[in-house]
Amino acid sequence: MSAKRRRLPDEVRSAAVRAVICLACTLVGLIVAVLASYAHSGALTPALTAMGLGVFGTAWCLLEILISRQIAAQRARGPHSASPMAGGRGPAALPPAQPQARTPPVRGHPGAYPYPQAGPSGGVPGPGGRQPRLPTA
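Quick caveat, the model's predicted, so the values are computed rather than measured.

With respect to helix α2 (residues 44–77)
The α-helix advances 3.6 residues per turn, and as a result positions three or four apart in sequence lie on the same side.
Step number 1: The end-to-end C-alpha separation of α2 is 49 Å, in line with the 50 Å expected for 34 residues at 1.5 Å each.
Step number 2: For α2, the full list of buried residues reads Ala 47, Met 51, Gly 54, Gly 57, Thr 58, Cys 61, Ile 65, Ser 68 and Ala 72.
Step number 3: Tucked inside the fold, the buried residues of α2 contact α1 (10–39).
Step number 4: Looking one or two residues beyond α2, the residue adopting positive phi is Gly 78, at roughly 110°.

This is the structure we're talking about:
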């Protein structure tokens, strides 16, 4: 079976080549550091320094690969993509919003307040949603 693979964009390929070259230099520095350590040579310090810089450079190159892949993917999606996660699908169809008129509740109306409210007597509304009244003098 021949699976057709897409070619990487140029900036991603060049970043990958730089990462491989930097990794190879790091491995050479590692080998030189190990051999200098076995020989008790004075070249150990420069070899360790070169190896440390190589590790830093390799990490930098790997980050460059990730960033260039993201940029290439964003460029392939097009300028009018809704979000980075949008992919190839169209926007999701949302139901049309129905404007609802909000009116303030009318006191005394049976369905005005969904929960019992404490009135002047401190009680809960009676039947019909009305508050019981205290006798006034």
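Back to the text.
Focus on the nonpolar core
Step number 1: Ala 15, Ala 19, Cys 22, Cys 61 and Ile 65 form the largest nonpolar core, which has five residues in total.
Step number 2: Looking at this core, the elements that each hand over two or more residues are α1 and α2.
Step number 3: A total of three residues in this core trace back to one element, the largest contributor, which is α1.
Step number 4: When neighbours within four sequence positions are excluded, Ile 65 is seen to be in contact with Ala 15, Ala 16 and Ala 19.

Side note on the packing of α1 against α2
Step number 1: Packing of α1 against α2 brings their axes to within 8 Å, and their N-to-C directions diverge by 165°. Relative to α2, α1 is oriented roughly antiparallel. Every pair of crossing elements has a handedness; the one defined by α1 and α2 is left-handed.
Step number 2: When its residues are assigned to classes, the contact of α1 with α2 shows 18 nonpolar, seven polar and five charged.

Topic: the side chain of Thr 58
Step number 1: Residue placement: Thr 58 occurs in helix α2.
Step number 2: According to the relative accessible area criterion, Thr 58 is buried, its value standing at 12%.
Step number 3: With sequence-adjacent residues up to four places away left out, Thr 58 is seen in contact with Cys 22, Leu 23 and Thr 26.

Re the side chain of Ser 68
Step number 1: Residue placement: Ser 68 occurs in helix α2.
Step number 2: Among the polar contacts made by the side chain of Ser 68, one reaches the main-chain carbonyl oxygen of Ile 65 at a distance of 3.0 Å.
Step number 3: When neighbours within four sequence positions are excluded, Ser 68 is seen to be in contact with Glu 11, Val 12 and Ala 15.

Focus: the environment of Ile 71
Step number 1: In this fold, Ile 71 is placed in helix α2.
Step number 2: You can call Ile 71 partly exposed: its relative accessible area is 39%.
Step number 3: C-alpha separation for the pair Ile 71 and Val 12, spaced 59 residues apart in sequence, amounts to 9.4 Å.

A word on a nonpolar patch on the surface
Step number 1: On the surface, Leu 23, Leu 27, Leu 30, Ile 31, Val 34, Leu 35 and Tyr 38 cluster together into a nonpolar patch covering about 690 Å² of accessible area.
Step number 2: If you trace the backbone, Leu 27 turns up in helix α1.

Focus: α1
Step number 1: Under the 1.5 Å per step criterion, the end-to-end length of α1 is 44 Å for 30 residues, consistent within 8% with the ideal 44 Å.
Step number 2: Among all positions in α1, only Val 12, Ala 15, Ala 19, Cys 22, Thr 26, Gly 29, Ala 33 and Ala 36 are buried.
Step number 3: Where the residues of α1 are buried, they touch α2.

Thresholds applied
- As a convention, each chain's residues are numbered from 1 in the sequence order in which they are written.
- A pLDDT threshold of at least 70 governs which residues receive local features in this predicted model, and a stricter bar of 80 or more applies before side-chain atom pairs are shown or counted, although totals over entire chains, interfaces and linings include all residues.
- The basis for the side-chain values is all heavy atoms of the structure; hydrogens and waters are excluded.
- Working definition: helices are DSSP H or I runs of at least four residues, strands are E runs of at least two. Numbering for both runs from the N terminus.
- Every helix has an expected span of 1.5 Å times one less than the residues it contains.
- Residue exposure (1.4 Å probe, protein chains only): buried if accessible area is under 20% of the type maximum, exposed if over 50%, otherwise partly exposed.
- We call two residues in contact when some of their heavy atoms are within 4.5 Å.
- Working definition of a nonpolar core: buried Ala, Val, Leu, Ile, Met, Phe, Trp, Tyr and Cys residues. They are joined through side-chain atoms within 4.5 Å.
- Angles run from 0 to 180 degrees between N-to-C directions of axes, and those axes are lines fitted to C-alpha atoms, restricted for helices to the stretch in contact.
- Each angle receives one of four descriptions, namely roughly parallel if under 35 degrees, roughly antiparallel if over 145, roughly perpendicular if within 65 to 115, and oblique otherwise.
- Handedness of a crossing is defined here by the sense of rotation of the near helix relative to the far one, left-handed for an anticlockwise turn of less than a right angle and right-handed for a clockwise turn.
- When residue character is reported, Ala, Val, Leu, Ile, Met, Phe, Trp, Tyr, Cys and Pro are called nonpolar, Asp, Glu, Lys and Arg charged, and the others, Gly included, polar.
- Pairs of N or O atoms within 3.5 Å make up the polar contacts considered here, provided that, within protein, one atom can donate a hydrogen while the other can accept it, and that residues adjacent in sequence are counted only when both atoms are side-chain atoms.
- Patch construction takes residues with relative accessible area above 30% that form no salt bridge. Like charges are linked within 9 Å, and nonpolar side chains (Val, Leu, Ile, Met, Phe, Trp, Tyr) are linked within 5 Å.
- The accessible surface values rely on the Shrake-Rupley method and a 1.4 Å probe; as for residues, cover is taken only from the protein chains in view.
- A carboxyl oxygen of Asp or Glu within 4 Å of a side-chain nitrogen of Lys or Arg is what we treat as a salt bridge.

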